[in-house]
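Listed here are the chains, written in short residue letters.
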Amino acid sequence: NAGVMQNPRHLVRRRGQEARLRCSPMKGHSHVYWYRQLPEEGLKFMVYLQKENIIDESGMPKERFSAEFPKEGPSILRIQQVVRGDSAAYFCASSPRTSGAPGELFFGEGSRLTVL
Amino acid sequence: QKEVEQDPGPLSVPEGAIVSLNCTYSNSAFQYFMWYRQYSRKGPELLMYTYSSGNKEDGRFTAQVDKSSKYISLFIRDSQPSDSATYLCAMSPGAGSYQLTFGKGTKLSVIP
């Protein structure tokens, strides 16, 4: 039973380029969450998606960031015109439902973005 | 004041020692308290969680919550080199809350 799969694990971009991070949830999970871990900071919630729907994007920066979870395929976190401050580890988590206990939230290994 | 404060360490202990990791918080709405372990370059893995105040034990790990003091602890008995990792505390106001609030994490090294 594969866990939450994220790719790429490492991504290097120059300022102004676009970054696309992908997340495939665990089998049977239809809820996806993205968190960001800035250097020397705790993980911070960004966005919660279900298939074809953004449920809560209250943690997303207002500009340049977008997320989707299409009917087919992985969830994608897209960062346009990256800046050095976007350098961070981006973690995806999934759960089978939102009403479950904390133990039902599983994290992937993260995608580490470095902006030169 | 940050919602969750956690001493980043690093903390270095000899094998077999008892380790105490702590977090303080300011939001009295938090009801669920979690401890995650994160190995280098890996994702957070849930160790255990508690609801409201009290203790919970799982093998060598014990979690304590004191809501009156807004203080939570994780104790590791008979620490092993394999326990070397960063330990993150996290909190949420409800069971289904997906907006976990994390501490910065404490980096622990257990020396053989």
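The rules behind each value
Residues numbered from 1 in each chain as written. Chains lettered and ligands numbered in written order. Predicted model: local features only at pLDDT ≥ 70, side-chain atom pairs only at ≥ 80, totals over all residues. Heavy atoms only, no water. Contact = heavy atoms within 4.5 Å. Buried area = accessible area lost by both parts, 1.4 Å probe. Salt bridge = Lys/Arg side-chain N within 4 Å of Asp/Glu carboxyl O. Polar contact = N/O pair within 3.5 Å; in protein donor to acceptor, adjacent residues only side chain to side chain. Phe/Tyr/Trp six-rings, centres within 6.5 Å; stacked < 30°, edge-to-face > 60°. Helix = DSSP H or I, 4+ residues; strand = E, 2+ residues; numbered from the N terminus. Buried < 20%, exposed > 50% of the residue type's maximum accessible area, 1.4 Å probe, protein only. Lys NZ or Arg CZ within 6 Å of the ring centre and 35° of its normal.

Novice: Summarise the interface of chain A and chain B; cite the residues concerned and give the values.
Specialist: Taken together, the contacts link 24 residues of chain A with 21 residues of chain B. Buried surface at the junction of chain A and chain B, summed over both partners, amounts to about 1900 Å²; 56% is from carbon and sulfur atoms. By the criterion of area lost to chain B, the three top residues of chain A are Leu43, Pro102 and Phe107 of chain A, representing 28% of everything that side buries. For the pair chain A and chain B, the interface holds 1 salt bridge. The closest approach of N and O atoms between Lys42 of chain B and Glu109 of chain A, which form a salt bridge, is 3.3 Å. Counting across the interface, chain A meets chain B through 7 residue pairs in polar contact (both at pLDDT 80 or more).

Novice: An account of the packing of aromatic side chains is needed here, citing residue identities and associated values.
Specialist: Within the structure shown, the criterion is met by 14 aromatic pairs over all chains. Look at Tyr35 of chain A and Phe107 of chain A: their rings are 5.6 Å apart centre to centre, the planes differ by 65°, and that puts the pair in the edge-to-face class. Here Phe107 of chain A lies in strand S10 (residues 106-107) and Tyr35 of chain A lies in strand S4 (residues 31-37), a separation of 72 residues in the sequence. In this structure Tyr35 of chain A comes out as buried when scored by relative accessible area, which is 0%. Judged by relative accessible area, Phe107 of chain A falls into the buried class, the value being 10%. An aromatic cluster of three or more residues is present, and its members are Tyr33, Tyr35, Phe45, Tyr48 and Phe107 of chain A together with Tyr36, Tyr98 and Phe102 of chain B. Geometry around Tyr49 of chain B places Lys56 of chain B over its ring, the cationic atom sitting 4.5 Å from the centre.

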